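Read off the chains here:
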Amino acid sequence: MSLMPEPPDEFAIPEGMRDICQDASRPYAARRADLLEAASDYWKQGRDRVREYHRRGASGHEVVQQLTGMADRLMAALYAFAASDLRTDGHAGCAVVALGGYGRGQLNPRSDIDIMFFHNGKGRRFTEQVSERMLYLLWDMGIDVGYSIRNAHHCLDIAKSDITARTALLDSRYLCGDRRCFEEYEQVVLSRVLDWNSKSYVTQKLEENARRLGKYNASVYLLEPNIKEGEGGLRDLHTAQWLAQIKFKARSLYELVLRGIVTEKEYNKFECAYDYLWRIRNELHFLSSGKNEQLRFDQQEKIARFLGYRDDKRALAVEQFMQDYYAHAVHVEEIATRLTEKVLRHDQGTFAPRSGSASRRPVADGFYIIQGELCLSRAGLFEERPEEMMRAFRLAQVHGVSLSPQVKARIRDNLHRINNTVRRSRDMVNTFMEILRHHRGVLQALRDMHYLRFLNHFIPEFGRIYCKVQHDAYHVFTVDTHSLFAIGEVIKVWQGEYAEEMPRLTDVANDIEKRELLLLAILLHDIGKGEGRDHCNKGADMMPTVARRLSLNREDSQRLEFLVRHHLLMAHIAQRRDLHDDRMIVDFARTMGMSENLKMLYLLTFADLKAVGPDVWTGWKSMLLEELFDKTHLVLERGNFLFEKRSEKIRNRKRKVQALLEGEIDARIVADRLRNASTRYLLSFRSQVIADHIRLIQGSRDKRLGFFVAGGPDGSYMELTIVTHDLQGLFTMITGVMSAYGINILGAQIFTQRDGTAFDLLQVKGPSGYDDAASEKWRAVEESLLAVIEGRLRVEELLRKRHRPLSWGEPSRPRVPSRIDVDNEVSQEYTVLDVYTHDEVGVLYRICRTLRDLGLYLGVAKISTKVDQVADTFYVKDIFSQKIRDPQRIEEVRECLLACLDKAPH
């Protein structure tokens, strides 16, 4: 049994409240209102005082102790008051017991307060009366308390059937009432609970733990972590402690020290880990209006300021705080795992590697395998030859076994021995490259290196992004973990997991010459993020040093530098540039230089996007990347940078279209359609697609609006084809209607034929119900668009009718300032506007309306949204079909767009 230290005198129950509790001369009902007011004041003023101590720098332990002490005194006072006029022999037979976190003496500001009214049978009637009075008082005070009323039989029954209830009993602590009754509870209940089958408890608890991590996403590195239930949080410490208490029959963590199970050093690590997490959790609870355990973006910023972090050139204050938090979370997971491993090894009678067994199998000098684990036969091996640490990872990989706790501990203890001489040694470098070349187990080996912080010492540049945070809603994981996930994605491609979904990508992956070089590039692609902005170039500048250390030849060194420097380029061009612009494709091919660079960059781009978060990679992005790859690869494979002559290509295409439509549509009509089509249009689509378009145009020639919906190639988006007579601001009208119906535009190709026919193709993704081309929901969209085109309905009116205000409870996201980039070089015909802003209702419509009001003609639109950040591109001309070159006009466009982005949605 652990008793809380006495709280400071200022938290003592006020004398007036004590008098109310003890005054038996007045009836209970007459005193209750006075007691309720006094108790409420005590609880509120005490919590306010604790918050002041916390804000002045009190430690996590101090705040937890103060809150728990206050709660203890309140419970004792309420018990005394509730029992003051009840007839009983010294209140015999009833004890109030604290359970769970309250039982451990670990109350944070919004922690659950769990109590049990325990009776021994004789005190049942009294227990029911006093519990009813106490609970109603607590509820009237606004305190959310979990409670139960049990005797020994009830406790044992529920502990047998419910592992959560059994765990809560482990943290029992006496609060008030009959102390002899509590001692009876300890002897009859707790002693038996501790003596029950520990193997069964450990198994069930580990299964429960796995479910917990699955629910809260099993990664330390989630960017909005749950400080209680997430990996590296408080529950990891609790779980390890519970397992040890059950296995070693101990009532507390310190009792494990007294029994020699846990060292003083390990105990202090646990206490320091608790203190760090409690200090953050205390501030989180004080900031939150309700129960909350998740460190959301806006709260991270406030907690960072509270803890004294400040922005600097390399990182924001919040990013520095979260980097420290993740490093601490890794430490928590490590110390919790060490204690859990002691529990799991207890049945073998030793915490050292098991020896003397016939299954022990030597695998290399100083190493052997037993029961699926790699162990050391010479304890001082890493001290004598630090490069053997890399050998350990290689042996575990080759033999498909895990590193034993002993090997992990020896690696951690010897990381300081990895100096520049060791990391450059031939054995160390060659073994590392062998790990990358091996056909299996690469990702696990790298994860082990990362987990043990070995990777930080072997590649010091990687250490700069260890637990590095990007404070946005787009990147779900820390930079280092994202890089490992990206490696996992490429390995999945090689294993054929995406062969059906992405056959072209799979073929390219299997054609890579040096897989180990690609993996190295993926591992290091974001390494420049540890140095602040412009991370591509900063990371690439580090590559020659890394390459020399790893003894790469000149060609491999240059390719590694190339991939890191350009790792964002392919995604940028695929998603933000006009892929039908031949000159742009040629320029990109020149940048690639050779096919192997293109292949590796294609895979690196895929892996980078796929590993960012669950919804970042889409079928639409896959199609764009594949199109860019194929067009560029065609240029590179021809050995020159010239396409076929446009005129010849166009003549061939027209002949094929006419042949496809012969006998179906009058040849003169087809010829007129082809003559009216722009060169860009004819080069953008294959003959069969152009023939289909002509059929659609002919089918809608008597209508004001042709509106056609079809499913995309992979079913992840829908394709809209809109045919109408061109009019000023048409695309603005289309974006407004789509916004009103909550339909997200992924891409748009805008064509106006010489006879004034507007032919727009959109790739879209709508809310539930819009994934069926035959859905009646599309009929409503079509009718609204027609009404807008005919002037019967204004877009603003439609937006007001259909958009509901965003929920006030919607989670906050870091807001990036809007930015407009203007490029007159990337396209021969258009000025290219790149718009970066925060996503919100109707933002695309507002942008297009502003471009219309500025008198700009929109030729190409590339739409891209990263979770909550818009990155859209618009190819525009002025009313004279010229680029915007005048500096004052460019500045006017930029200012008008920024002004429209700052306005609230209409």
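All of these numbers come straight from a predicted model, not from anything done at the bench. (Residues numbered from 1 in each chain as written. Predicted model: local features only at pLDDT ≥ 70, side-chain atom pairs only at ≥ 80, totals over all residues. Heavy atoms only, no water.)

## Overview of the overall build of the protein chain
Thought 1: Secondary structure summary: the protein chain contains 40 helices and 17 strands in total.
Thought 2: Projected onto its principal axes, the C-alpha coordinates of the protein chain cover approximately 110 × 75 × 50 Å.
Thought 3: A total of 906 residues make up the protein chain; the buried ones form 56% of that total.
Thought 4: At a minimum sequence separation of 6, the contacts of the protein chain that also span at least 24 residues come to 72%.
Thought 5: Carbon together with sulfur atoms contributes 47% to the accessible area of the protein chain, which is approximately 39,800 Å² in total.
Thought 6: Placing the 132 positive and 129 negative side-chain charges of the protein chain at their respective mean positions leaves the two points 2 Å apart. (Helix = DSSP H or I, 4+ residues; strand = E, 2+ residues; numbered from the N terminus. Buried < 20%, exposed > 50% of the residue type's maximum accessible area, 1.4 Å probe, protein only. Contact = heavy atoms within 4.5 Å. Areas by Shrake-Rupley, 256 points an atom, 1.4 Å probe, with all protein chains shown as cover. Lys, Arg positive; Asp, Glu negative; His and termini not counted. Charge placed at Lys NZ, Arg CZ, Asp CG, Glu CD.)

## Thoughts on empty space enclosed by the protein
Thought 1: Tallied over the full model, the rule gives 4 cavities of 30 Å³ or more.
Thought 2: Of the voids in this model, the largest cavity is the one considered here, and its volume is about 90 Å³.
Thought 3: Along the walls of the largest cavity sit V262, E266, K269, F270, I335, R338, L339 and K342, which together make up its complete lining.
Thought 4: Sorting the residues of the lining of the largest cavity by element identifies α12 (264–287) and α14 (317–345) as the ones contributing at least two each.
Thought 5: For the lining of the largest cavity, the leading source of residues is α14, giving 4 residues.
Thought 6: For the lining of the largest cavity, the class distribution of residues is 4 nonpolar, no polar and 4 charged. (1 Å grid on protein atoms, 1.4 Å probe; cavity = no way out; pocket = protein on both sides within 12 Å on 5 of 7 lines; lining within 4 Å. Points joined across faces, edges and corners; volume = space filled by probe spheres on them. Nonpolar A, V, L, I, M, F, W, Y, C, P; charged D, E, K, R; others polar.)

## Here we look at the pattern of salt bridges
Thought 1: Considering all chains together, one arrives at 57 salt bridges under this definition.
Thought 2: Residue D413 is joined to R410 by a salt bridge in which the shortest nitrogen-to-oxygen separation is 3.5 Å. Pair noted here: D413 and R410 are both in helix α17 (residues 405–413), with a separation of 3 residues, about one helical turn.
Thought 3: Overall, the relative accessible area of 43% leaves D413 in the partly exposed class.
Thought 4: For the salt bridge of D692 with R695, the shortest nitrogen-to-oxygen distance reads 2.6 Å. Of this pair, D692 and R695 both sit in helix α35 (residues 687–699), 3 residues apart, which is roughly one turn of the helix. (Salt bridge = Lys/Arg side-chain N within 4 Å of Asp/Glu carboxyl O.)

## Side note on the sheet that holds strand β2 (residues 113–119)
Thought 1: The strand order across the open sheet formed by 4 strands is β3-β2-β1-β4, and the pairing between neighbours is mixed. Lying at the two open borders of the sheet, with one neighbouring strand each, are β3 (145–150) and β4 (173–177). Each adjacent strand pair in this sheet contributes to an overall mean axis angle of 25 degrees, direction not counted.
Thought 2: Two strands pair when backbone bridges link them, and β2 and β3 are joined in this way by 6 bridges, in the parallel orientation. By the bridge assignment, I115 is partnered in β3 with Y147.
Thought 3: Here helix α3 (residues 60–83) sits on the sheet and contacts β1 (94–99), β2 and β4; the angle it forms with β4, its principal contact strand, is near 30 degrees. (Pairing = 2+ DSSP bridges. Axes fitted to C-alpha atoms, helices over the stretch in contact; angles between N-to-C directions.)

## Re the packing of aromatic side chains
Thought 1: In total, this model carries 28 aromatic pairs according to the counting rule given.
Thought 2: Ring centres of Y309 and F321 lie 5.8 Å apart, and the angle between their planes is 50 degrees; this geometry places the pair in the tilted category. Of this pair, Y309 sits in the loop between α13 (297–306) and α14 while F321 sits in helix α14, and the two are 12 residues apart along the sequence. We note that Y309, like F321, is buried.
Thought 3: A centroid spacing of 5.9 Å and a plane angle of 75 degrees characterise the contact between Y830 and Y875, whose relative ring orientation is edge-to-face. (Phe/Tyr/Trp six-rings, centres within 6.5 Å; stacked < 30°, edge-to-face > 60°.)

## A word on the environment of G177
Thought 1: Mapped onto the elements of the fold, G177 is located in strand β4.
Thought 2: We classify G177 as partly exposed; its relative accessible area is 24%.
Thought 3: Between the C-alpha atoms of G177 and V96, which are 81 residues apart in sequence, the distance is 5.9 Å.
Thought 4: In contact with G177, not counting residues within four places along its chain, are Y79, C94 and A95.

## Regarding the packing of helix α6 (residues 152–161) against helix α8 (residues 179–195)
Thought 1: Two elements in contact, α6 and α8, have axes whose closest approach is 10 Å; the angle formed by their N-to-C orientations is 10 degrees. Taken as axis vectors, α6 and α8 run roughly parallel relative to one another. On the side of α6, the interface is formed by A152, C155, L156 and A159, while α8 contributes Y185, V188, V189, R192 and V193. (Parallel < 35°, antiparallel > 145°, perpendicular 65-115°, else oblique.)

## Thoughts on the side chain of N151
Thought 1: Residue placement: N151 occurs in the loop between β3 and α6.
Thought 2: A distance of 2.8 Å separates a polar side-chain atom of N151 from the backbone nitrogen of H154. (Polar contact = N/O pair within 3.5 Å; in protein donor to acceptor, adjacent residues only side chain to side chain.)

## Re helix α37 (residues 776–789)
For the α-helix, the turn length of 3.6 residues means that residues three or four positions removed from each other point alike.
Thought 1: The first and last C-alpha atoms of α37 sit 20 Å apart over 14 residues, in line with the 20 Å expected at 1.5 Å per residue.
Thought 2: When α37 is considered as a whole, its buried residues turn out to be W778, V781, S784, L785, A787, V788 and I789.
Thought 3: Its side-chain oxygen at 3.1 Å from the backbone nitrogen of K777, S775 defines the N-terminal cap of α37. (Expected span 1.5 Å × (residues − 1).)

## Comments concerning the environment of F874
Thought 1: For F874, the location among the structural elements is in strand β17 (residues 869–877).
Thought 2: Setting aside anything within four residues of it in sequence, one finds F874 in contact with T831, V832, L833, V835, L844, I847, C848, L851, L858, V860, A861 and I863.

## Re α6
Thought 1: Listed in full, the buried residues belonging to α6 are A152, C155, L156 and A159. Relative to the axis of α6, the buried residues are bounded by an arc of 95 degrees and lie together on one face. Exposed side of α6, more than 90 degrees from the buried face: H153 and S161 are the residues found there.
Thought 2: Elements that come into contact with the buried residues of α6 comprise β2, β3, α7 (163–170) and α8.
Thought 3: Between the side-chain oxygen of the N-cap and the backbone nitrogen of H153 there are 3.1 Å, and the N-cap of α6 in question is N151. (Arc of directions from axis to C-beta.)

## Quick look at a nonpolar patch on the surface
Thought 1: On the surface, Y136, W139, Y147 and I149 cluster together into a nonpolar patch covering about 400 Å² of accessible area.
Thought 2: Note on placement: Y147 falls in strand β3. (Patch = residues over 30% accessible without salt bridge, like charges linked within 9 Å, V, L, I, M, F, W, Y side chains within 5 Å.)

## Quick look at the sheet that holds strand β8 (residues 402–403)
The pairing of strands in a sheet comes from backbone hydrogen bonds and takes either a parallel or an antiparallel form.
Thought 1: On the basis of which strands lie adjacent, the open sheet formed by 4 strands has the order β5-β6-β7-β8 and mixed pairing. Across the chains shown, the open sheet's two edge strands, defined by having one partner strand only, are β5 (361–364) and β8.
Thought 2: Relative to strand β7 (residues 373–376), strand β6 (residues 367–370) runs antiparallel, the two sharing 4 bridges. Bridge pairing in β7 places Y368 opposite C375.
Thought 3: Taken strand by strand, α17 contacts β7 and β8, and its axis lies near 55 degrees from that of β7.

## So, the confidence of the model for the protein chain
Thought 1: Across the protein chain, the average pLDDT comes to 88, with 92% of residues at 70 or higher.
Thought 2: Across the protein chain, the element-wise mean pLDDT spans from 66 in strand β16 (residues 865–866) up to 98 in helix α25 (residues 515–524).
Thought 3: Low pLDDT, under 50, characterises residues 1–6; the predicted model gives this stretch 15 contacts beyond four residues in sequence or across chains.
Thought 4: Across residues 804–810, where pLDDT falls below 50, the model places 1 contact with residues more than four positions away in sequence or in other chains. (pLDDT = per-residue confidence, 0-100.)

## What to know about the state of the cysteines
Thought 1: Going through the model one piece at a time under the given rule, you end up with 0 disulfides.
Thought 2: We note that C21 lacks a disulfide partner, and the nearest cysteine sulfur, in C176, lies 11 Å from it.
Thought 3: Considering cysteine sulfurs only, C900 is the nearest to C848, which forms no disulfide, with 9.4 Å between them.
Thought 4: Relative accessible area serves as the criterion here: at 2%, C848 is assigned to the buried category. (Disulfide = S-S within 2.5 Å.)

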